[in-house]
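Below, each chain spelled out in residue letters.
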Amino acid sequence: MEKYDLFFQSPREFIKNQRVYSVLYLLRRDIYTCLGYNPTDNSKIEYQALFPGTMAILAGIDLLAKFYKGCDNYRKSNERFKDFINKYFGCTKEESEIVYQLRNSLLHSFGLYSYKVLNKKRQEFNFFLNQDDAVFIRQMPDSNYFISINQLLTKFENSIELYKSELKESTELSNNFDKILINYGFLRVK
């Protein structure tokens, strides 16, 4: 199996006794399980773990952003993350900041509050997660933001397909991908 095919393997595929899996493949299967779906056939299961599922989507964006930029320097995670979602989610700069702050609140604090300081001014973000299919981000008064987990997942899955198609056509993206692949691409399972 070619490296791209293995890395972007569909979470719907399950090959018994497969010994090498891409990190992205395993992450996507975990996302679907957490959001209440059997990853193999997309049937509903009776339980959900919405926080970990949302966290896994955000970690998946982080992962793909490393491949996209060919860089895993933690000091550049902010820029890398936002660049990826601006390009592949079609987000505005304001929306990418909101999603980045959601990432920070969940992955660093397992909560739904974050803030940033810019020019000595504090901007707060209070998040509410929902499963609305209609609106991705809805900003309310007092720094409150409603984020659709369903839309986040849809945008994440669409970004994977867009990135994959561009990757095969771009020498720069391919080189960036190869730089990161050795450390973050695959896991062996016995």
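Residues numbered from 1 in each chain as written. Predicted model: local features only at pLDDT ≥ 70, side-chain atom pairs only at ≥ 80, totals over all residues. Heavy atoms only, no water.

Considerations on the environment of asparagine 104
1) Next: When you line up the elements, asparagine 104 lands in helix H5 (residues 93-109).
2) Next: For asparagine 104, a relative accessible area of 15% translates into the label buried.
3) Next: Discounting residues that sit within four places of it in the chain, asparagine 104 has contacts with Ser109 and Ser114.
4) Next: Of the polar contacts made by the side chain of asparagine 104, one reaches the side chain of arginine 103; its length is 2.5 Å. (Helix = DSSP H or I, 4+ residues; strand = E, 2+ residues; numbered from the N terminus. Buried < 20%, exposed > 50% of the residue type's maximum accessible area, 1.4 Å probe, protein only. Contact = heavy atoms within 4.5 Å. Polar contact = N/O pair within 3.5 Å; in protein donor to acceptor, adjacent residues only side chain to side chain.)

Structural notes on the layout of surface pockets
1) Next: Size it by volume and the largest pocket reaches roughly 180 Å³.
2) Next: The greatest single-element share of the lining of the largest pocket, amounting to four residues, is contributed by helix H6 (residues 149-167). (1 Å grid on protein atoms, 1.4 Å probe; cavity = no way out; pocket = protein on both sides within 12 Å on 5 of 7 lines; lining within 4 Å. Points joined across faces, edges and corners; volume = space filled by probe spheres on them.)

Structural notes on the nonpolar core
1) Next: Grouped together as the largest cluster of nonpolar side chains are 46 residues, with contacts concentrated most on Phe8, Ile61, Phe84, Phe156, Tyr163 and Phe177.
2) Next: Examining the composition of this core, we find that 10 residues originate from one element, helix H3 (residues 50-69), more than from any other.
3) Next: If we skip the residues at most four places from it in the chain, phenylalanine 177 touches Tyr4, Phe7, Phe8, Phe67, Tyr163 and Leu167. (Core = buried A, V, L, I, M, F, W, Y, C linked by side-chain atoms within 4.5 Å.)

Digging into the packing of aromatic side chains
The geometry of an aromatic ring pair is captured by two quantities: the separation of the ring centres and the angle between the planes.
1) Next: The full count for this structure, using the stated rule, is 22 aromatic pairs.
2) Next: Between phenylalanine 8 and phenylalanine 177 the ring centres are 6.2 Å apart and the planes differ by 20°, which places this aromatic pair in the stacked class. Pair noted here: phenylalanine 8 is in the loop between helix H1 (3-7) and strand S1 (20-22) and phenylalanine 177 is in helix H7 (residues 171-184), with a separation of 169 residues, a long-range link.
3) Next: You can call phenylalanine 177 buried: its relative accessible area is 0%.
4) Next: Ring geometry for tyrosine 68 against tyrosine 88: centres 5.4 Å apart, planes inclined by 85°, an arrangement best described as edge-to-face. (Phe/Tyr/Trp six-rings, centres within 6.5 Å; stacked < 30°, edge-to-face > 60°.)

Brief notes about unusual backbone geometry
1) Next: Although it is not a glycine, asparagine 42 adopts a positive phi angle of roughly 65°.
2) Next: Along the chain, asparagine 42 turns up in the loop between helix H2 (23-34) and H3.
3) Next: One non-glycine residue, asparagine 119, lies in positive phi territory at about 55°.
4) Next: Counting through the fold element by element, asparagine 119 comes out in the loop between strand S2 (113-118) and strand S3 (121-130).

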